[in-house]
Amino acid sequence: TVRGPGEADDDEDPPADVSATILNFVEEAAMFEAAGCGLGRNEAVRIYAGMRNLARSQPGLKSVRFFGKVFGTKQDYLVCECEWEEPPEDDAEPELEDGAPPPAVPSEATGEGVNKYVYFVASYKRGADGIVGFHDLKNWNKLPNLKPEHIMASRQIKKFFTGDLEAPIHSYPPF
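This write-up is about the structure you can find in this document. (Residues numbered from 1 in each chain as written. Predicted model: local features only at pLDDT ≥ 70, side-chain atom pairs only at ≥ 80, totals over all residues. Heavy atoms only, no water.)

This part covers the state of the cysteines. All told, the structure shown has 0 disulfides when counted by the stated rule. Cys82 supplies the cysteine sulfur nearest to Cys80, a cysteine that is in no disulfide, at a spacing of 5.7 Å. (Disulfide = S-S within 2.5 Å.)

As structure tokens, then:
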């Protein structure tokens, strides 16, 4: 098991077999490193181990691929793009309340169109000194499905990423 600074060496169960196809990110990162860019071998190995953790923690994933690293003003986070074998039932869109206007354009179902892939992010945890830290590759957060109004609004907004998934977005149009 690959561990980051500050992660405990507790006894773990042997890893369960992973049925999802996981892109060999270590090989791909080595090619980028040879070209003079990339994340480095140590971080590539940790990310690959984190991708395996993600595949184990989310049964039903068909594939897991490293999508990128987002640099934020407060902290960075890593993004993985995944595809479901069969989309889970709990991703259904909530029903509208009585009297609520229907959306102008209905959202595409999970596994179709712009929601073909699901994205998970791993946040950066700072150490006790507030400077040095590591990405928490055991806890991945699933990003919500896209809606047509999200796409339209995002094309008009110019903001820096903070790295905080819960941070409010003060913008026009509202997001």
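What follows deals with the pattern of salt bridges. Summed over all chains, the structure comprises 2 salt bridges. Of the charged contacts, one joins Lys69 and Glu43 as a salt bridge, the two residues approaching to 3.4 Å between their closest N and O atoms. With Lys69 in strand E2 (residues 61–70) and Glu43 in helix H2 (residues 41–57), the pair connects residues that are 26 residues apart, well separated along the chain. For Lys69, a relative accessible area of 24% translates into the label partly exposed. For the salt bridge of Arg65 with Glu81, the shortest nitrogen-to-oxygen distance reads 2.9 Å. Note that Arg65 is positioned in strand E2 and Glu81 in strand E3 (residues 77–84), a separation of 16 residues in sequence. (Salt bridge = Lys/Arg side-chain N within 4 Å of Asp/Glu carboxyl O. Helix = DSSP H or I, 4+ residues; strand = E, 2+ residues; numbered from the N terminus. Buried < 20%, exposed > 50% of the residue type's maximum accessible area, 1.4 Å probe, protein only.)

Another aspect to go through is the layout of surface pockets. Put simply, the largest pocket is a space of about 1,300 Å³. Taken together, 36 residues form the lining of the largest pocket, with Tyr77, Leu143, Phe161, Ile169 and Phe175 sitting closest to its centre. Of all the secondary structure elements, the ones that give two or more residues to the lining of the largest pocket are E2, E3, strand E4 (118–126), strand E6 (141–142) and helix H3 (148–154). The element best represented in the lining of the largest pocket is E2, accounting for 4 residues. (1 Å grid on protein atoms, 1.4 Å probe; cavity = no way out; pocket = protein on both sides within 12 Å on 5 of 7 lines; lining within 4 Å. Points joined across faces, edges and corners; volume = space filled by probe spheres on them.)

Time to look at unusual backbone geometry. Here Tyr172 and Pro173 are connected by a cis peptide whose omega angle stands at 0°. Mapped onto the secondary structure, Pro173 falls in the segment after H3.

Our next topic: the environment of Val132. As for its position among the elements, Val132 is in the loop between E4 and strand E5 (133–135). A relative accessible area of 48% places Val132 in the partly exposed class. The contact partners of Val132, leaving out residues within four places of it in the chain, are Tyr124, Arg126 and Gly127. (Contact = heavy atoms within 4.5 Å.)

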